[in-house]
Amino acid sequence: MNKLQRDRGAGRVKISDVAKAAGVHTSTVSRVLNAKTFGRISPEVVDRVVEIARGLGYRPNAVAAGLRTNSTGTVGFIVHDIDDPIYPPILKGIEEALGESGLMVLLGNAGYAPEAEAELLERMAARRIDGVVLATARLRDPLVDRCLDYSLPTVAVVRRPELTVINSVVNDCALGMREIVDLVVSYGHRDIAHIAGPQGLSTGRARLRGFSAAMSKAGLVPDLRHLRFVDQPTIEAGHAAAGAILDEGEPRPSVIVCVNDLVAIGAINACRKKGFDCPGDISITGYNDIPLAGLLNPPLTTVHMRLQEIGRRTGLRMLALLSDNNSEIAVERVRPELTLRQSVARIS
């Protein structure tokens with residue numbers, strides 16, 4: 001406990017105490033600690049005030065602040081499926097970025113249903129959220145239009161609308177898929193199957209585009225019998241798609257390139273169910289590098305998305321929007337990294 005805290009006994013540290021210690025006006029401290037106004041203060045003053053506030057143990061009165069600013073200090077986060085392992089590290093990154101602002105995240109699970117997404121947005125808006133992060137954005141999405149109609153600060157994460165009408169932070173999916181196809185080609189694979197994601201989502205479309213570009217670069221023409229699309233990129237969908245590919249008979253693909261890790265897990269299970277070994281008979285790749293990927297048998301070769309970093313940058317985008325909702329709209333792409341494990345075999 002520092003001297004000021006001892007002098008005040010058990011009393012709550014006030015904003016005026018922080019201002020006095022920092023040598024600034026109380027209004028400056030108020031602006032620094034407000035997500036909507038901190039961008040108007042010089043970075044040097046922001047750093048000094050935040051450090052002093054933390055050292056004094058200052059905690060803002062969220063209820064009083066909300067009454068003054070008509071703000072609840074919350075940001076909505078709407079996801080497709082809370083069971084999908086990509087979301088916890090994204091959420092962790094968002095909360096890391098929002099940490100000093102006092103903003104909290106309100107999570108909503110939509111279950112791939114547009115009606116549920118719309119209902120969640122309505123309920124969140126009724127609770128006066130300050131902004132919303134959409135992990136559900138489709139290429140053409142009425143939910144995005146509704147956010148714009150509400151003038152609600154909005155950031156899309158992982159998936160983005162086709163038109164650049166809101167800020168987005170995404171993985172460079174086309175690049176990641178090109179790199180993993182280049183890898184399997186360098187391992188000698190020529191009969192390459194692909195389980196693609198929903199084409200109404202930017203992730204599914206970009207990864208298919210990357211797959212096609214890499215195949216063309218290698219002088220390979222995909223066997224259309226070995227191309228499958230899934231409506232939802234889940235383990236069950238991957239199992240069904242891989243089973244259908246294997247039921248086509250000879251020639252059998254030597255590798256199945258999957259749109260994500262969950263689909264890859266389903267594909268591995270389908271191969272085993274039909275008596276094929278991975279990677280002895282059929283190699284399989286994923287995308288996302290979820291925590292489970294390295295624990296599978298065999299450990300999954302995949303594309304690492306840097307999910308927490310994507311979440312952190314999303315949180316920073318939201319803070320910038322809350323500070324200036326008229327700031328320039330942009331799409332930020334985070335470069336992926338290949339993660340080489342044992343689910344891909346070299347062939348002659």
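Residues numbered from 1 in each chain as written. Predicted model: local features only at pLDDT ≥ 70, side-chain atom pairs only at ≥ 80, totals over all residues. Heavy atoms only, no water.

## Comments concerning the sheet that holds strand β7 (residues 227-229)
Thought 1: Reading across from one edge, β7-β6-β8-β9 is the order of the four strands in this open sheet, with parallel pairing throughout. The open sheet is flanked by β7 and β9 (283-285), the only strands paired with a single partner. Within the sheet, the average angular offset between the axes of one strand and its neighbour, ignoring direction, is 15°.
Thought 2: Where strand β6 (residues 192-196) meets β7, three bridges bridge the pair, whose relative direction is parallel. What sits directly across from Ile-195, in β7, is Arg-228. (Pairing = 2+ DSSP bridges. Helix = DSSP H or I, 4+ residues; strand = E, 2+ residues; numbered from the N terminus. Axes fitted to C-alpha atoms, helices over the stretch in contact; angles between N-to-C directions.)

## Description of unusual backbone geometry
Thought 1: In this structure, Pro-251 follows Glu-250 across a cis peptide bond, with omega equal to -5°.
Thought 2: Considering the arrangement of structural elements, one finds Pro-251 in the loop between α11 (235-246) and β8 (255-258).
Thought 3: Put simply, Asn-297 and Pro-298 share a cis peptide bond, and its omega is 5°.
Thought 4: Along the chain, the position of Pro-298 falls in the loop between β9 and β10 (302-304).
Thought 5: We note that Val-158 has phi near 70°; this positive angle belongs to a residue other than glycine.
Thought 6: Mapped onto the secondary structure, Val-158 falls in the loop between β4 (154-157) and β5 (167-171).
Thought 7: A positive phi angle is found at Asn-288, which is not glycine, with a value near 120°.
Thought 8: Residue class for Asn-288 comes out buried when judged on its relative accessible area of 7%. (Buried < 20%, exposed > 50% of the residue type's maximum accessible area, 1.4 Å probe, protein only.)

## Overview of the state of the cysteines
Thought 1: Taken as a whole and judged by the stated rule, the model has zero disulfides.
Thought 2: Summary of cysteine pairing: Cys-258 is not part of a disulfide, and the nearest cysteine sulfur, belonging to Cys-271, is at 8.6 Å.
Thought 3: Of the residues examined, Cys-258 reaches a relative accessible area of 0% and is grouped as buried. (Disulfide = S-S within 2.5 Å.)

## As for the pattern of salt bridges
Thought 1: Per the stated rule, a full pass over the model turns up 16 salt bridges.
Thought 2: Where Glu-248 meets Arg-228, a salt bridge forms, and the shortest distance between an N and an O atom there is 3.0 Å. One end of the pair, Glu-248, is in the loop between α11 and β8; the other, Arg-228, is in strand β7, and 20 residues separate them in sequence.
Thought 3: Overlapping salt bridges bring together Glu-309, Arg-312, Arg-313, Arg-317 and Glu-332 as one network. (Salt bridge = Lys/Arg side-chain N within 4 Å of Asp/Glu carboxyl O.)

## Examining the nonpolar core
Thought 1: Phe-77, Ile-90, Ile-192, Ile-195 and Ile-284 are the most contacted members of the largest nonpolar core, which totals 69 residues.
Thought 2: Counting residues per element, this core draws most heavily on helix α12 (residues 261-273), which supplies eight residues.
Thought 3: What Phe-77 contacts, discounting residues up to four positions off in sequence, is Tyr-87, Ile-90, Leu-91, Ile-94, Val-105, Leu-106, Leu-107, Gly-108, Met-124, Val-133, Ala-135 and Val-157.
Thought 4: Counting 16 residues, the second largest nonpolar core, distinct from the first, contains Ala-118, Ile-129, Leu-143 and Ile-166. (Core = buried A, V, L, I, M, F, W, Y, C linked by side-chain atoms within 4.5 Å. Contact = heavy atoms within 4.5 Å.)

## Some points on the packing of helix α7 (residues 114-126) against helix α8 (residues 142-149)
Thought 1: In the contact formed by α7 and α8, the axes pass within 10 Å of each other and the chain directions differ by 15°. By the criterion of interaxial angle, the relationship of α7 to α8 is roughly parallel. Handedness of the α7/α8 crossing: right-handed. Of the residues in α8, those touching α7 at Glu-117, Ala-118, Leu-121 and Glu-122 are Leu-143, Arg-146 and Cys-147.
Thought 2: Within the contact of α7 with α8, the residues separate by chemical class into four nonpolar, no polar and three charged. (Parallel < 35°, antiparallel > 145°, perpendicular 65-115°, else oblique. Left-handed = near helix turned anticlockwise from the far one by under 90°. Nonpolar A, V, L, I, M, F, W, Y, C, P; charged D, E, K, R; others polar.)

## Thoughts on the environment of Asp-247
Thought 1: Locating Asp-247 in the fold gives a position in the loop between α11 and β8.
Thought 2: Each C-alpha atom of the pair Asp-247 and Val-184 lies 22 Å from the other, and the pair is 63 residues apart in sequence.

## Section: the confidence of the model for the protein
Thought 1: Predicted confidence across the protein gives a mean pLDDT of 89, with 91% of residues reaching 70 or more.
Thought 2: Ignoring residues within four places in sequence, the model shows residues 1-10, a span with pLDDT below 50, making 12 contacts including any to other chains.
Thought 3: This model gives residues 62-68 a pLDDT under 50, and the stretch forms one contact once residues within four places in sequence are excluded. (pLDDT = per-residue confidence, 0-100.)

## Re the pairing of β5
Thought 1: A large share of β5 lies buried, amounting to five of its five residues.
Thought 2: Going residue by residue along β5, you find Asn-167, Val-169 and Asn-171 tucked away on one face and Ser-168 and Val-170 tucked away on the opposite face as well.
Thought 3: Looking at chain direction, β4 and β5 are connected through three bridges and run parallel. Considered in β5, the bridge of Val-155 is made with Asn-167.

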